[in-house]
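Secondary and tertiary structure notes
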Amino acid sequence: MTEFNPPVHSATSLLKASVAAIVIALAVLIAFVLPAEYGIDPTGIGKSLGLTQYSAVSETAEQSNVKSNVVNVSSTPISSSLDKPLTLSPDMLAREETNSGDHSARNDRVDIEIPAGKGLEYKLLLDKHAHLEYEWQTNGSELYFDFHGEPKGDTTGYFESFSITTSSNMKGSLTTPFAGSHGWYWKNRTDKPVIVTLKTKGVYTIKG
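It should be emphasised that the depicted structure is a prediction, and the values quoted were computed from it without experimental measurement. (Residues numbered from 1 in each chain as written. Predicted model: local features only at pLDDT ≥ 70, side-chain atom pairs only at ≥ 80, totals over all residues. Heavy atoms only, no water.)

A few points about the overall build of the protein chain
Looking only at helices and strands, the protein chain has four helices and nine strands in total. Ordered by position in the sequence, the α and β elements of the protein chain form the string α-α-α-β-α-β-β-β-β-β-β-β-β. Looking at the 208 residues of the protein chain, the share that counts as buried comes to 34%. Split by element, the accessible area of the protein chain, about 12100 Å² in all, is 56% carbon and sulfur. (Helix = DSSP H or I, 4+ residues; strand = E, 2+ residues; numbered from the N terminus. Buried < 20%, exposed > 50% of the residue type's maximum accessible area, 1.4 Å probe, protein only. Areas by Shrake-Rupley, 256 points an atom, 1.4 Å probe, with all protein chains shown as cover.)

Section: the nonpolar core
The biggest cluster of nonpolar side chains holds 22 residues, and the ones touching the most others in it are Trp-136, Trp-184 and Trp-186. Of all the secondary structure elements, the ones that give two or more residues to this core are β2 (104-114), β3 (119-126), β4 (131-138), β5 (143-151), β7 (169-175), β8 (180-187) and β9 (194-206). (Core = buried A, V, L, I, M, F, W, Y, C linked by side-chain atoms within 4.5 Å.)

Considerations on the packing of aromatic side chains
Under the defined criterion, the tally for this structure stands at seven aromatic pairs. Summarising the aromatic geometry, the rings of Trp-136 and Trp-186 are spaced 5.6 Å apart at their centres and angled 80° between planes, so their arrangement reads as edge-to-face. With a gap of 50 residues between them, Trp-136 in strand β4 and Trp-186 in strand β8 connect regions that are remote in the sequence. Under the relative-accessibility criterion, Trp-186 is labelled buried at 0%. Every member of this aromatic cluster is reached through a ring pair, and the members are Tyr-134, Trp-136, Phe-145, Phe-147, Phe-162, Trp-184 and Trp-186. (Phe/Tyr/Trp six-rings, centres within 6.5 Å; stacked < 30°, edge-to-face > 60°.)

Side note on a nonpolar patch on the surface
On the surface, Leu-15, Val-19 and Val-23 cluster together into a nonpolar patch covering about 270 Å² of accessible area. Along the chain, the position of Val-19 falls in helix α1 (residues 11-38). Exposure remark for Val-19: the relative accessible area of 43% places this residue in the partly exposed category. (Patch = residues over 30% accessible without salt bridge, like charges linked within 9 Å, V, L, I, M, F, W, Y side chains within 5 Å. Salt bridge = Lys/Arg side-chain N within 4 Å of Asp/Glu carboxyl O.)

Some remarks on unusual backbone geometry
Backbone geometry places His-129, a non-glycine residue, at a positive phi of 65°. Along the chain, His-129 turns up in the loop between β3 and β4. On the basis of relative accessible area, His-129 is assigned to the partly exposed category, the value being 35%.

What to know about the environment of Lys-171
You can see Lys-171 is positioned in strand β7. Judged by relative accessible area, Lys-171 falls into the exposed class, the value being 55%. Residues Lys-171 and Glu-135, 36 residues apart in the sequence, show an inter-C-alpha distance of 4.2 Å.

Let's talk about the pairing of β3
Most of β3 sits inside the fold, with seven of its eight residues counted as buried. Pairing analysis gives eight bridges linking β3 to β8, with the strands arranged antiparallel. Across the sheet, residue Leu-126 finds its bridge partner in β8, namely Gly-180. Strand direction decides the pairing type here: β3 and β9, joined by two bridges, are antiparallel. Residue pairing across strands places Leu-125 opposite Thr-205, the latter belonging to β9. (Pairing = 2+ DSSP bridges.)

Remarks on the side chain of Asn-188
Checked against the element boundaries, Asn-188 lands in the loop between β8 and β9. Asn-188 sits in the buried class, given a relative accessible area of 0%. Of note is the side chain of Asn-188, whose polar atom sits 2.7 Å from the backbone oxygen of Lys-192. Filtering out sequence-adjacent residues up to four positions away, Asn-188 remains in contact with Ile-114, Pro-115, Ala-116, Gly-117, Lys-118, Leu-143, Pro-193 and Val-194. (Polar contact = N/O pair within 3.5 Å; in protein donor to acceptor, adjacent residues only side chain to side chain. Contact = heavy atoms within 4.5 Å.)

Quick look at the pattern of salt bridges
Throughout the structure, instances matching the rule amount to six salt bridges. Two residues, Lys-123 and Glu-121, come together in a salt bridge whose shortest N-O distance is 3.7 Å. Residue Lys-123 shares its accessibility class with Glu-121, and that shared class is buried.

Brief notes about the environment of Val-196
Residue position: Val-196 is located in strand β9. Taking the C-alpha atoms as reference points, Val-196 and Ser-168, separated by 28 residues in sequence, lie 8.7 Å from one another. Not counting chain neighbours up to four residues away, the residues in contact with Val-196 comprise Val-110, Asp-111, Ile-112, Ile-114, Trp-136, Gln-137, Thr-138, Leu-143 and Trp-186.

Okay, here's the thing in structure tokens:
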């Protein structure tokens, strides 16, 4: 009978195997899991393999089932460039007067709480070619967000995104391409609630 002596691994070889396993796991996480689940693609591999589209699909599906959680709404905005009176050119003013309907010129500030691990949206109703100025910032943490619009009366679920990224703040303006609801979807991927302070100025109605 031949005696079988199984190989005995040294502590050094076991340590090397453990380190190799950790490195491989981290590589898979960075290259495949983060792009597919969270849209984070530091290496660019996820985009080249089409993995980031799965994250976008997931976010879009969740947006259709969220409602905004408004903590505080105030018509007295905090100090910023949006504190100045709304100024429209003659052409823009003519369009606003023609299309405004029930909408009115506003200058608002709202604090919105985004719960930990959740997504919420906040919308304004604007007419076609309406001019909107906006500025928002969080109380520290970055949020994934999609700034988009949905045409009035559309029943197909169509919406047009104007900006999709991850940030703790954003400032800009928009001339709406169509009448309908326009606004933001924020996704909080942290384990703590995040407050978004949003300031808007234009001719619109708050949908919330």
